[in-house]
Amino acid sequence: MSIVTDRLASLKGYLGNAGANPLPPSDIPEERAPDLPTATSSSAAREMAHVGIDPFPGASPLFRFFVDGVQRTVPVAEVTANNVRVPIHLSHLIVGAMERVERELRPFIVQEALVLIFPYQALQAADPAWSARRPPGRELSSSGRIYEAVKSRDLLYSDTSITLRLGSGGRPGVLLQAGDLIRTGEVRRKALDRAKELLRIMEVGLVWELRQRCPEDWILWDGPLAPPLKYGRLVDPTLQGLEEIARPDIAFDFLRRVIGAVKRVQIIPAGGLEVALSSGSSLVLPIYRFGDVIEEDDAVAKEILSAFLWLRPELTGEISALWSTVSGLARFDIPIPAVFDNPIMRDNWNTLDENTIEALLANSSSTERQRLEKLLQVIVIERWPVPTATATRMLTELFPIAETELWLTSQLLSVYELRGVFS
Amino acid sequence: MAIGRVLITQREPAKPYEFWCWLQNDPSLQVEVGTVLVAEGDNGEKALALVEDMQSTSAALDHLLEFYGSGYGNPNINPPTRPALIRLAKLRVLYREPSTASPPTGRWQVRFAQAADVTLLAQRIPPQYRILVGFLPVGSDQADPASWLPVFAHAQFLLGPEGAHVNITGATGLATKSSYALFLSYAVLAWSAAVGEQTAVVLFNVKRRDFLSLHGLPQDWNTASQWIQQWAQRIGEPALADRVQAMWTQAIAQGVDPIGLQFPVKYFTYQGDPDVSFMQNPQIYSYGFDDLQRGDFEAALFTAAYHPTDPQVILLTAYLDAKLGQGTSFQTMEQDLSRQSLRRVQGNEVQVPGVPGSWMIGVPLALGRRLTGFLSHASHVVERNNPNGRPFTFSALQANGLHVIQLYRLTEAEKRLVVNAVIRELSQGLEQPSRQINRVLVIADELNKYAPSGAMSPMKEQIIDIVARGRDLQLTLIGAQQFASQVDDQVYGNSETKVVGYSDISEVSNPIYKYLGDLRDQVPNLKKGQLILKHPVYPSPLIIWFPTPLHEMRP
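Since this is a predicted model, take the numbers as computed values, not measurements. (Residues numbered from 1 in each chain as written. Chains lettered and ligands numbered in written order. Predicted model: local features only at pLDDT ≥ 70, side-chain atom pairs only at ≥ 80, totals over all residues.)

1. Quick notes on the confidence of the model for chain B
Selection criterion: What pLDDT reports is the predictor's confidence in each residue, on a scale of 0 through 100.
Residue-level pLDDT values for chain B average 90, and 99% of them are 70 or greater. Prediction confidence for the complex, expressed as pTM and ipTM, is 0.75 and 0.78 respectively.

2. A short note on the pairing of strand β19 (residues 497-500) of chain B
Residue and element names in this part refer to chain B. How we decide: We call a residue exposed when 12 or fewer other C-beta atoms sit within 10 Å of its C-beta, buried when the count reaches 20 or more, and partly exposed for counts in between; the C-beta positions come from the backbone. Helix and strand assignments come from DSSP, with helices taken as H or I runs of at least 4 residues and strands as E runs of at least 2, each series counted from the N terminus. Each pair of strands is called paired provided DSSP finds at least two bridges between the two strands.
Every second residue of β19 is oriented toward a common face, with Thr497 and Val499 on one face and Lys498 and Val500 on the other, all of them buried. Pairing geometry for strand β9 (residues 166-169) and β19, over four bridges, is parallel. When the sheet's bridge partners are listed, Thr169 is paired in β19 with Val500. Note: β19 against strand β20 (residues 530-534), three bridges, orientation antiparallel. When the bridges of β20 are listed, Val499 appears paired with Leu533.

3. Here's the deal with the nonpolar core
Condition: Take the buried Ala, Val, Leu, Ile, Met, Phe, Trp, Tyr and Cys residues, join any whose C-beta atoms are within 7 Å, and the set you get is a nonpolar core. With C-beta atoms placed from the backbone, a contact is any residue pair whose C-beta atoms sit within 7 Å.
Counting 167 residues, the largest nonpolar core has Ala187, Val202, Val442 and Ile544 of chain B as the members making the most contacts within it. For this core, the element with the most residues is helix α4 (residues 177-195) of chain B, which contributes eleven residues. Those residues in contact with Ala187 of chain B that lie beyond four places of it in its chain are Ile131, Leu132, Val133 and Val256 of chain B. In terms of nonpolar packing, the next biggest core, distinct from the first, is built from 136 residues, Ile94, Val115, Leu123 and Ile304 of chain A among them.

4. Details of the interface of chain B and chain A
This is how the line gets drawn: Residue polarity is assigned by list, with Asp, Glu, Lys and Arg as charged and Ala, Val, Leu, Ile, Met, Phe, Trp, Tyr, Cys and Pro as nonpolar; anything else, Gly included, falls into the polar class.
Taken together, the contacts link 16 residues of chain B with 18 residues of chain A. Grouping the constituent residues of the side of chain B that touches chain A by class yields eleven nonpolar, four polar and one charged.

5. Structural notes on the packing of helix α5 (residues 184-213) of chain A against helix α6 (residues 228-235) of chain A
All names here are of chain A. Defined as follows: Geometry is summarised by axes, namely lines fitted to C-alpha atoms with helices restricted to the contacting stretch, and by angles between N-to-C directions that run from 0 to 180 degrees. When describing relative orientation, an angle under 35 degrees is termed roughly parallel and one over 145 degrees roughly antiparallel, while 65 to 115 degrees is termed roughly perpendicular and anything else oblique.
α6 packs onto α5 with a crossing angle of 80° between their chain directions and a minimal axis gap of 9 Å. Judged by the inter-axis angle, α5 sits roughly perpendicular to α6. Counted together, Arg200, Ile201, Glu203, Val204, Gly205 and Trp208 of α5 and Pro228, Tyr231, Gly232, Leu234 and Val235 of α6 form the full contact between these two elements.

6. A closer look at the sheet that holds strand β2 (residues 18-23) of chain B
Residues and elements named next belong to chain B. Around the barrel, six strands lie side by side as β1-β2-β5-β4-β3-β6; this closed barrel has antiparallel pairing. Taking each pair of neighbouring strands and ignoring which way they run, the sheet shows an average axis angle of 40°. Sheet topology note: the β2/strand β5 (residues 86-97) ladder contains six bridges and is antiparallel. The residue bridging Cys21 from the neighbouring strand is Ala89, located in β5.

7. Looking at the sheet that holds strand β14 (residues 349-351) of chain B
All names here are of chain B. Spatially, three strands are ordered β13-β14-β15 in an open sheet, and the strand pairing comes out antiparallel. Each end of this open sheet is capped by a strand with a single partner; those strands are β13 (343-346) and β15 (359-360). Alignment of β14 against β15, held across two bridges, turns out to be antiparallel. Across the sheet, the residue bridging to Val350 is Trp359, located in β15.

What follows is the structure, given as structure tokens:
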């Protein structure tokens, strides 16, 4: 944490020279650690299989690593450009992995970044004096190598005037112009979105680092798996092939030992999910394949199978705070390479025909079906223990993920410490 | 090596003298209530602290989550992830460097205390004033003397003049009050011999043979080791031997060597004591009328339960003024107060032979009945027919020696008489300008009988007077009792050093034990040989150990 403290001191100097004024300390709830909203949207999806799993399967634990990321983004100062007050945000981002050894969790890797986020180019356009006020340190931008920059522990900043992803012309798109600066809410929204993007990018980088060090060990990753596929190039040039599965081999290596755990499901199939909510002696998991759909904080992709699980039906009678019928449902994102894990398919797994996938998964004697069942069993055994969390999270969050988040959150600088950059 | 860090949270804020720490997740880490730990800051700050309380906790909010978390109440499932168990320890500061009354300023690292840390405690006490009062365990090897670090009391606070007196509380048999009083006696005598003081210890043996056979120590420490081994086997706790041996080894290193120093032991008992064979060359004591003073008579005749009237007190005073030193015996006094001896003056007024003034007839008769009652219960220690007996005298005290006065099996009246007469003799002796002894330590068990809470009695007045003046007289009272709540507040409050052994929770819930803080909860869990010590030099109570006295282990 001391390196963060050092960087706070450097940022203080920069902001002071840029004529920034400190913002009064106020704790804006949504900026503490933004949580996901509750919303669902139904999308067309094809059911590939549904699998019954014993509620207490005898399988041995499979996952060795548990990956999560947390962040806190707060406006720390404001600058004036053409009489318009523009907020400057500071984001503390932490990603990490815990390792499970003999049923106990222990920290394995952690990376953190302190990033100044503000519309730099828009400010330059509004006031040319800003051209001489380039922030210190490295810029996290569309030029990529973001994970390397994070690991360098340099001072970091990111310009919300422009996108991180490249547009069709190979150039970043424009998000905020000089005229947009007066829309303070939009400036803040872009800063919060940028923090989320950077966090996801750091998570991809961390998973890639784990892949390099422990290629055969399974990772349970908090959140949907589809968004990382958008950010491969920004993480590291090697991962450019993740985007659009341009390099199936790289995507295969990245995805074949990773499962995503989605505790707040926003995207559900248009129909057929009722089977997951049926009560019986077995837990029934319908497996869907969606097209590419992106919601605010959720996404699905055709390269990833979505297994829906009523994770802890035993608790629904005890926990009355159900926000919707599906609030007890968790989704587990299972990349196709995790089921079709065959070196022969390394270069063409993404071309598998949907009918073929469905047929193989329907065939109880197929290797793929057995592998899928095995994966679902090891997911089901993670139902216990129950994490201490909000009512809905108790229904859908896995304990190791909650512990990882707790470990990372405990390292976040407080709102007041972040604002301390200017005190 | 660090084993934890200081906690500073909204729920557990750090205070100047107490704070919490968490301990690393290692079940083999041997930290328990009473362990001494050190918290160290980045800039050389150091806090030596005692573990006062401990908790194991987890992220689980309550029992519901634990129940649900185990497969909805299924004790047979074995979840793939074991929730982290967090051990917390509440630390009570014993020493702070630099000296300040402010809380830790950061999440300081916490580690086990080492010998060098515990010696910091002794730094508060100049070497010439250090009296060994027990040991703190700092290592995991109980057989290693280095694992038992000495705890010292400050002589000026233990014996005076800065403070004085010690009170020991604990259940009979389990708290080892007498054993500790004896260990403390050895330590004081060793200190006294080392600094050239002339100290005498007077021990009242009130029950069984607690202080008998003190002369029967082993010849040397090799024999002592054999005794210790055999004793541990005999009581069925062979593991105790190493611990006791290690503590005695450490005690010797600190100069407390009861075998080497050969403290002389003298016994004083009454005629007919069936336990006389357990004593070496006992001197028989007894008291005649002329051996006593007014306070002794009052203590013998009057109790909190029997309050004399003012005329009775005046008559007693007048009688003693007239007769003491005149060769009067108790028998004579009994006769003088009998109806046959009284001479009627007028109406119901009578005169007592040889005593000026007249009295309502009921007054001498009542006093006479009280005297007769006392004499009928005091045949062991009172010379009824002779003016003089063989009282215990100050001149009988031997420098740096132990003096056991047998009270066991005496009646309550006899005990009151003897205790009062002895203490009076000691205090008068210490006031003499020319004396062979300049400091006396009195060990008195069942203090609640002599100085009970509530109503006053002559005996209690004497005890209160002694504890009030004792630190100037250099007369130190080491009082002990089962229940401190039954002892007079002044007597208890004037004992600057307090020691608590195993006691029932109903006793320690009394507000007088508030000074123990959270350690109060530990009192019912204290083991034999383990005590809580509160001494003015230390800001917090300590859980200390002491070794079993050697004479108790005689084969």
